[in-house]
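What the coordinates show
Residues per chain are reported as follows:
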Amino acid sequence: SGGDFCGQISDLRFGQPIPSTVSDPAMLKGWGKRPDQWEWEASVQHQLMPRVGLEVGYFRRTYGNFTVTDNTLVSAANYDPYSIVAPSDSRLPGGGSYTVDGLFDLNPNRVGQVSNLVTFADNFGKQIEHWNGVDVTVNARPGNGILLQGGVATGRTSTDVCDIRDDVPETGAVNPYCHVDTEFLTQVKLLGTYTVPRAAVIVSATFQSLPGPQVTANYVASNAQIQPSLGRPLSGGAQNATINIVSPGTMYGERLNQLDLRFARPIRLGPTKLAVNFDIYNALNSNPVTSQNNNYAAWQVPLSILDGRLFRFSVQYDF
């Protein structure tokens, strides 16, 4: 009596013997049809001085043969564009209040008309995903009982689905970021060992500095916020749309800096060997956030942090 609050069903073929999704036969057999991954690597090594070596490497990884699900009963012309204004928030880029455009909503008269074809993305244009990185590593043995290793690794990922999104907007109707170049994410890792003379105690340390978790902001925009730009309510009876209002690859959390120590005392027992170890995990007792909530309603609330300082005694017996 109060009316239908559910709106149009999203798939009018639901419950019928006619499948809503089929695969392109061209994908199913033949050479070069599966998703592919290619990797290229080039590196050089050079001795800087006696017992000190340097290695520099370049790495490139590309992916191909992407697939896309195209609803053949609708086209780009059946989607209306709209935009929203991000909330004012000092944590957002520029303090927020910026326009997020490039959003689309299906025309109401097309809701429920579904005939999906899973096919190659190349049929609609170019889609890419590349990763490029550089590693620099130094190995040194400056003296008896001393070993030092360390290096820096940096790289970034580039993706582009703009051609696909132009022809198949349902693949990213609420994702305005079709081209993404992440920041160069840099890792630093160091390792050193030293054998204390006479005491025969092996002291070792490892240090790592890693990028923080990527930050997105999944904002729930209501019909009241969307309708002024769209010119109508969202189709299908939807009351809101969840939209990421932070460009991927541009915001990251606090870096993780971690130092671990070990003190080991090997003891010879005839043909066998016993080692007594004392480990200190996270010796600096740092507490960076390792994962966080990306839903804007509880944005950046920590979900996990690095475990606190931990001491451990252990014994290793080799025979």
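For clarity, every value in this text was computed on a predicted model and none was experimentally measured.

1. Here's the deal with the nonpolar core
In terms of nonpolar packing, the biggest core is built from 22 residues, with Tyr82, Ile84, Ile226, Ile243, Ile245 and Trp299 touching the most fellow members. When contributions to this core are tallied by element, the ones reaching two or more residues are strand S5 (79–85), strand S6 (99–106), strand S13 (218–222), helix H2 (223–230) and strand S14 (240–244). Here Ile84 is in contact with Tyr98, Thr99, Val100, Leu103, Tyr219, Ala221, Ile226, Ile243 and Ile245, once residues within four sequence places are set aside.

2. Observations concerning the side chain of Asn71
Counting through the fold element by element, Asn71 comes out in strand S4 (residues 67–71). There is a polar contact of 3.0 Å between the side chain of Asn71 and the backbone nitrogen of Ser115. With near-sequence residues (within four places) excluded, Asn71 lies in contact with Gln113, Val114, Ser115, Asn116 and Glu170.

3. Some points on the confidence of the model for the protein chain
When pLDDT is averaged across the protein chain, the result is 93; 97% of the residues are at 70 or more. Across the protein chain, element-level confidence peaks in strand S8 (residues 128–140) with a mean pLDDT of 98 and bottoms out in strand S1 (residues 21–23) with 92.

4. Let's talk about the state of the cysteines
Applying the stated criterion across every chain, the model contains one disulfide. One disulfide in the model links Cys162 with Cys178; its S-S distance is 2.0 Å. Disulfide Cys162-Cys178: the torsion about the S-S bond is 85°, which places it as right-handed. Of the two residues, Cys162 sits in helix H1 (residues 162–167) while Cys178 sits in the loop between H1 and strand S10 (179–181), which places them 16 residues apart along the sequence.

5. Details of the pattern of salt bridges
With the rule as written, the count across this model stands at six salt bridges. Here Asp279 and Arg262 are joined by a salt bridge, their closest N and O atoms 2.6 Å apart. Of this pair, Asp279 sits in strand S16 (residues 272–281) while Arg262 sits in strand S15 (residues 256–269), and the two are 17 residues apart along the sequence. A relative accessible area of 10% means that Asp279 is categorised as buried.

What counts, and at which threshold
- For every chain, the first residue of its written sequence is number 1, and the numbers climb from 1 along that sequence.
- Per-residue local features of the predicted model are confined to residues with pLDDT of at least 70, and side-chain atom pairs are confined, for both listing and counting, to 80 or more; whole-chain, interface and lining totals are unaffected and use all residues.
- No hydrogens and no water enter the side-chain calculation; it runs on all heavy atoms of the structure.
- Joining through side-chain atoms within 4.5 Å is the link that ties buried Ala, Val, Leu, Ile, Met, Phe, Trp, Tyr and Cys residues into a set, and such a set is a nonpolar core.
- Here's how the labels work: a residue is buried when its accessible area is under 20% of the maximum for its type, exposed when over 50%, partly exposed in between, all with a 1.4 Å probe on protein chains only.
- Each helix is a run of DSSP H or I of at least 4 residues and each strand a run of E of at least 2, with the numbering of both proceeding from the N terminus.
- Only heavy atoms matter for contacts: two residues are in contact if any of them lie within 4.5 Å across the pair.
- Under this definition, polar contacts are N or O atom pairs within 3.5 Å; protein pairs additionally need one hydrogen-donor-capable and one acceptor-capable atom, and for neighbouring residues in sequence, both atoms have to be side-chain atoms.
- A residue's pLDDT is the confidence the predictor assigns to it, expressed on a 0 to 100 scale.
- In plain terms, two cysteine sulfur atoms within 2.5 Å form what is called a disulfide here.
- By definition here, a salt bridge exists when the distance from a side-chain nitrogen of Lys or Arg to a carboxyl oxygen of Asp or Glu is within 4 Å.

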